[in-house]
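What the coordinates show
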Amino acid sequence: MSKDTKDPVHQEIFRSYEYDKFIFIKENREINKDALRKLTKSFEKNGDLEVPITINSEFHILEGQHRFMVREKLGLPILYYINNEISVDDIVTLNNVNAKWKLPDYLLMHIKIGKNKDYEDFEWFIKKYDLKVTIGLVIVYGHTFPSVPMHTQQVLDIFKSGDLRFARVEKAKEIAELLIDFNTEFKFRDYNKKNFAEAFVHCFELPRNIFDPKRLFRKLQTRSQDLKIQAKSPAYVDLFETILNAGVSRTKQKHLPRVREVPSDLSPNVSAKSMVR
């Protein structure tokens, strides 16, 4: 091939100092101040690498909002190209190339979009009880899983896609308050960890003649030293069983099953649409 053969132009890159004509969109993630600081230092240390941002024909910033802010701050021209075929889902993909989206990013995105009000209720819930998003999802969807550990990837996919359903609010509040009591009464920091939450939610859904949270708390009043961190959720189920059976005759001891029945319409294998209340 001849050296003077020109490659075809795929997307034309433009530049502009008219910062005000660019528009941030609600579907994008929140601005990360730490990322802004690091990016600014990179510009100052390494110079302008001239990486363009992506916008649509209405000048909505689809990808590169942090680069836009840094370039504006440093008085540099905005380099951009126009793409009118990018969807909201594509925005997440584009941003994941630079910095992987975390669950709070998805939560804020769906709240801003405003199509599913359950995300606002869910945000209120995890803020009220100071829970991580993952723990909140275990509490909200844990009753749909028949066993521990809970394979929650499908729930994460539902959450990310915008199909969250927060149906059992009062039950979720009851579980969250009990989890917090573990930390308040017994100084158990791992109450906000996935393994512990999975085990507790699993046991909470068992019949009360098998697992009674109040009885567990009464036992722990004198046996709090037995509440030790476990590596996996099934080990926490075993620990709860050991604590509940301490000092109880063999014939009256309770067995906490690893597997319990759930209604077929709550199976974790169902699609997101079938979980709509």
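Please refer to the structure higher up on the page.
Now for a quick tour of the structure.

Here is what the cut-offs are and how they apply
- Residues numbered from 1 in each chain as written.
- Predicted model: local features only at pLDDT ≥ 70, side-chain atom pairs only at ≥ 80, totals over all residues.
- Heavy atoms only, no water.
- Helix = DSSP H or I, 4+ residues; strand = E, 2+ residues; numbered from the N terminus.
- Polar contact = N/O pair within 3.5 Å; in protein donor to acceptor, adjacent residues only side chain to side chain.
- Core = buried A, V, L, I, M, F, W, Y, C linked by side-chain atoms within 4.5 Å.
- Buried < 20%, exposed > 50% of the residue type's maximum accessible area, 1.4 Å probe, protein only.
- Contact = heavy atoms within 4.5 Å.

What follows is about the side chain of E63. Along the chain, the position of E63 falls in strand β3 (residues 61-63). Side chain to side chain, E63 and R67 meet in a polar contact 3.0 Å long.

All right, on to the nonpolar core then. If you look at the biggest cluster of nonpolar residues, it comprises 58 residues, and the most contacted ones within it are F122, I139, F159, F182 and F240. Those residues in contact with F182, other than ones at most four positions away along the chain, are K187, F188, Y191, F196, F200, L216, F217, L220 and L227. The next biggest cluster of nonpolar side chains, apart from the first, holds nine residues, and it includes F22, I53, F59 and I61.

Outside of glycine, negative phi angles account for most residues, and trans bonds account for most peptide bonds. Cis geometry is adopted by the peptide bond preceding P149, which originates at V148 and carries an omega value of -5 degrees. Following the sequence through the fold, P149 ends up in the loop between α6 (133-141) and α7 (153-161). With phi around 65 degrees, F59 is a residue other than glycine that occupies positive phi space. Assignment of secondary structure puts F59 in the loop between β2 (53-55) and β3. Within the chain, K187 stands out as a residue other than glycine whose phi angle is a positive 55 degrees.

This part takes up the environment of A199. Along the chain, A199 falls in helix α9 (residues 194-204). A199 gets classed as buried once you look at its relative accessible area, which sits at 0%. Taking the C-alpha atoms as reference, A199 lies 8.8 Å from K232; in sequence the two are 33 residues apart. If we ignore the near neighbours within four places in the chain, the residues touching A199 are V148, S233, Y236, V237 and F240.

Glancing now at the environment of V155. Mapped onto the fold, V155 is located in helix α7. Look at V155 and you get buried, because its relative accessible area is 5%. Along the backbone, V155 and L137 are 18 residues apart, and their C-alpha atoms lie at a distance of 7.5 Å. Beyond its immediate sequence surroundings of up to four residues, V155 is in contact with L137, Y141 and F145.

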